[in-house]
Amino acid sequence: MPTEIYMMKLGMTMTEGTVAEWHIPDGGEVKLGEDLYRLETEKVEMEVEAEAAGIVRHLVPAEATVDPGAVVGWIYAADEEIPDVLPGGGAPAADAAPAEAEPAAAATEAPAAPARAEGERVPASPAARRLAKELGVDLATVTATGPRGRVTEDDVRTAHEAAAAAPAAAPAGAPAPASPLARKRAEALGVDLSTVTGTGPGGRITKEDVEAAAASGAPAAAPAAAAAPAAAREDEVMAVRGMRKVIAERMYASLQETAQLTMDMDVAMDDCVKLRSQLIEEWAGDSVRPSYTDIVMKAAAKALLDHPRMNAQFLGTEMNLRGEVHVGMAVALDEGLVVPVVRHVDQLGLKEIALESSRLAGLAREGKLGLDDMAGGTFTVSTLGMFGVDSFTPILNPPEVGILGVNRLRDDVRWEGERPVRQKAMTLSLTWDHRALDGAPAAQFLASLRDYLEAPFRLLV
């Protein structure tokens, strides 16, 4: 019996998935554990491995979107007969013809990478992407040796080592290497240095080389011409697909379907700074380093309990006031934004929040988040303070009715009578759905959050 290739279900909330790319062509041979196809959902993407070895036949083409659990292809063992009409899907996928036999002499060559449109995502393993980012390697310049042109970690290392070993090429039109005295002599004699062969160290042109060239009748240097205008940069077209496409659709829908308003409020952060410094010192042995966002999430959880209408879902004809507090934390990736959820934040201590937020952020950057890691949020926190942002307008994640923007920690001044006093301050930016609650209760929630941050030791009890 052939082995079915399924659309994997990544979590309880997954409703559909896309076969973004087949790594093994229709009719191609796959090994056990080799990458079969790249799966994309509205929130995550991952590589699906072969559960058997054999000949792959596609039931659906690349870019096809199907239900979780649907059969998208088959793997036939070497001794199995492959029918003209595949089970469950009729004829093979129309996007790829069966692979033809390759000449024996080419059997050991790596398969050629499929042509990519300009701006298309380079197929690479998550580990290769992380390594490329660490080493500063552009994946588009890497020669891929993995299945179907997939970039591997070894490919990235090879490209990095080759770039480090390659001598720096002289830019086009650069003057020949010559000593200052040789250049001055060449100018006096009218000798074009580009026609002179240097005999000095490393091929450097000497004064004697210039004089010898002048005596032999070397071409004179051409008069300096006006510099040509720099070539205009060409437009670059990038395909909007995958995570970027989903984010674009979700953000547009959020603004179209909700009544969003944003308000800002300043918070005195002196005591928060002291608390965080003390906790970092206290937990240093456990390698736990709480962030200001962790503290804000805990304060937000307490404020949400005080103002349950902000911890709600707006469902059109009714509102669901959530009994549990699950705070989503926005994590920026190269591919886009993901929002893993820290659950039961109101019941966790600051140390537990710091550990869980660090764990989820790590999974996000490694591309290992599951859909369940990003489901069930009741409120979201988004941080841009690390980029020096003082205020911004975060966009709601419907059906949630609130999202908090955390800005940079800055030096500020408060007044004690006639005396100015230096202090640390932060601006919080709250976006809320005006359909769910008005400006006054939204401001009361934000003020409650501010009060918890200005007396942060209340967060420890």
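These notes cover the structure that comes with them. (Residues numbered from 1 in each chain as written. Predicted model: local features only at pLDDT ≥ 70, side-chain atom pairs only at ≥ 80, totals over all residues. Heavy atoms only, no water.)

**Points about the packing of helix 7 (residues 292–306) against helix 8 (residues 350–365)**
Next up, step 1: Helix 8 packs onto helix 7 with a crossing angle of 120° between their chain directions and a minimal axis gap of 9 Å. The angle between helix 7 and helix 8 falls in the class oblique. You can see that helix 7 and helix 8 cross each other, and the crossing is right-handed. The residues of helix 8 that touch helix 7, namely those facing Asp294, Ile295 and Lys298, are Leu350, Ile353, Ala354 and Ser357.
Next up, step 2: Broken down by class, the residue content of the contact of helix 7 with helix 8 amounts to four nonpolar, one polar and two charged. (Axes fitted to C-alpha atoms, helices over the stretch in contact; angles between N-to-C directions. Helix = DSSP H or I, 4+ residues; strand = E, 2+ residues; numbered from the N terminus. Parallel < 35°, antiparallel > 145°, perpendicular 65-115°, else oblique. Left-handed = near helix turned anticlockwise from the far one by under 90°. Contact = heavy atoms within 4.5 Å. Nonpolar A, V, L, I, M, F, W, Y, C, P; charged D, E, K, R; others polar.)

**Some words on the nonpolar core**
Next up, step 1: Counting residues in hydrophobic clusters, the biggest one holds 86 residues, and the most contacted among them are Tyr37, Met310, Leu404 and Leu453.
Next up, step 2: Among the elements that take part in this core, helix 7 stands out by supplying nine residues, more than any other. (Core = buried A, V, L, I, M, F, W, Y, C linked by side-chain atoms within 4.5 Å. Buried < 20%, exposed > 50% of the residue type's maximum accessible area, 1.4 Å probe, protein only.)

**Things to note about unusual backbone geometry**
Next up, step 1: The omega torsion of the bond from Pro398 to Pro399 falls at 5°, within 30 degrees of zero and hence cis.
Next up, step 2: Here Pro399 is to be found in the loop between strand 16 (379–383) and strand 17 (402–416).
Next up, step 3: At Glu63, a position not held by glycine, the phi torsion is positive, near 80°.
Next up, step 4: As for its placement among the helices and strands, Glu63 is situated in the loop between strand 6 (54–58) and strand 7 (64–66).
Next up, step 5: The phi dihedral of Ser287 falls on the positive side, at around 55°, and the residue is not glycine.
Next up, step 6: You can see Ser287 is positioned in the loop between helix 6 (270–282) and helix 7.

**Observations concerning a nonpolar patch on the surface**
Next up, step 1: A cluster of nonpolar side chains, Phe457, Leu460 and Val461, forms an exposed patch at the surface whose accessible area comes to about 330 Å².
Next up, step 2: Tracing the chain through its elements places Phe457 in the segment after helix 9 (439–454).
Next up, step 3: For Phe457, a relative accessible area of 41% puts it in the partly exposed group. (Patch = residues over 30% accessible without salt bridge, like charges linked within 9 Å, V, L, I, M, F, W, Y side chains within 5 Å. Areas by Shrake-Rupley, 256 points an atom, 1.4 Å probe, with all protein chains shown as cover. Salt bridge = Lys/Arg side-chain N within 4 Å of Asp/Glu carboxyl O.)

**Considerations on helix 9**
Next up, step 1: Spanning 16 residues, helix 9 covers 22 Å between terminal C-alpha atoms, matching the ideal 22 Å at 1.5 Å per step.
Next up, step 2: Every buried residue belonging to helix 9 is among Ala442, Phe445, Leu446, Ala447, Ser448, Leu449, Tyr452 and Leu453, and all of these are buried.
Next up, step 3: On its buried side, helix 9 packs onto strand 9 (260–268), helix 6, helix 7, strand 16, strand 17 and strand 18 (419–433). (Expected span 1.5 Å × (residues − 1).)

**Observations regarding the packing of aromatic side chains**
Next up, step 1: Scanning the entire structure with this criterion turns up two aromatic pairs.
Next up, step 2: Measuring from centroid to centroid gives 5.6 Å for Phe379 and Phe445, while their planes differ by 65°, and the two rings are edge-to-face. Residue Phe379 is found in strand 16, and its partner Phe445 is found in helix 9; the two are separated by 66 residues along the sequence.
Next up, step 3: Among the residues examined, Phe445 registers a relative accessible area of 0% and is labelled buried.
Next up, step 4: In this structure, Arg276 is placed above the aromatic ring of Tyr292, and the distance from its NZ or CZ to the ring centre is 4.7 Å. (Phe/Tyr/Trp six-rings, centres within 6.5 Å; stacked < 30°, edge-to-face > 60°. Lys NZ or Arg CZ within 6 Å of the ring centre and 35° of its normal.)

**Some points on the sheet that holds strand 16**
Next up, step 1: In spatial order, the strands read 9-18-17-16-12-15; together these six strands make up an open sheet with mixed pairing. Each end of this open sheet is capped by a strand with a single partner; those strands are strand 9 and strand 15 (341–342).
Next up, step 2: By the bridge criterion, 13 bridges tie strand 17 to strand 18 in an arrangement that is antiparallel. Within strand 18, the position partnered with Trp415 by the bridge is Pro420. (Pairing = 2+ DSSP bridges.)

**Some points on the sheet that holds strand 6**
Next up, step 1: Strand order in the open sheet formed by four strands is 1-8-6-3, with antiparallel pairing between adjacent strands. Both edges of this open sheet fall to strand 1 (3–6) and strand 3 (29–30), since each of them pairs with a single strand only.
Next up, step 2: In this sheet, strand 6 lies alongside strand 3 in antiparallel orientation, the contact comprising two bridges. Residue pairing across strands places Val30 opposite Gly54, the latter belonging to strand 6.

**Considerations on the environment of Leu333**
Next up, step 1: Note that Leu333 resides in the loop between strand 13 (331–332) and strand 14 (337–338).
Next up, step 2: Between the alpha carbons of Leu333 and Glu366 there is a distance of 9.8 Å; along the sequence they are 33 residues apart.
Next up, step 3: If sequence neighbours within four positions are ignored, Leu333 has contacts with Val338, Ala364 and Arg365.

**What to know about the side chain of Lys298**
Next up, step 1: Take Lys298: it is sitting in helix 7.
Next up, step 2: Buried charge Lys298 goes without a salt bridge, the closest partner of opposite sign being Asp346 at 7.0 Å.
Next up, step 3: Of the polar contacts made by the side chain of Lys298, one reaches the backbone oxygen of Asp346; its length is 3.2 Å.
Next up, step 4: Of note is the side chain of Lys298, whose polar atom sits 2.7 Å from the backbone oxygen of Leu348.
Next up, step 5: The residues contacting Lys298, other than those within four sequence positions of it, are Val345, Asp346, Leu348, Leu350, Ile353 and Leu459. (Lys, Arg positive; Asp, Glu negative; His and termini not counted. Polar contact = N/O pair within 3.5 Å; in protein donor to acceptor, adjacent residues only side chain to side chain.)

**Focus on the pattern of salt bridges**
Next up, step 1: Evaluation of the coordinates by the stated rule reveals 18 salt bridges.
Next up, step 2: Two residues, Asp411 and Arg422, come together in a salt bridge whose shortest N-O distance is 3.0 Å. Here Asp411, found in strand 17, pairs with Arg422, found in strand 18; they are 11 residues apart in sequence, far enough to count as distant.
Next up, step 3: Exposure remark for Asp411: the relative accessible area of 44% places this residue in the partly exposed category.
Next up, step 4: For Arg422, a relative accessible area of 63% translates into the label exposed.

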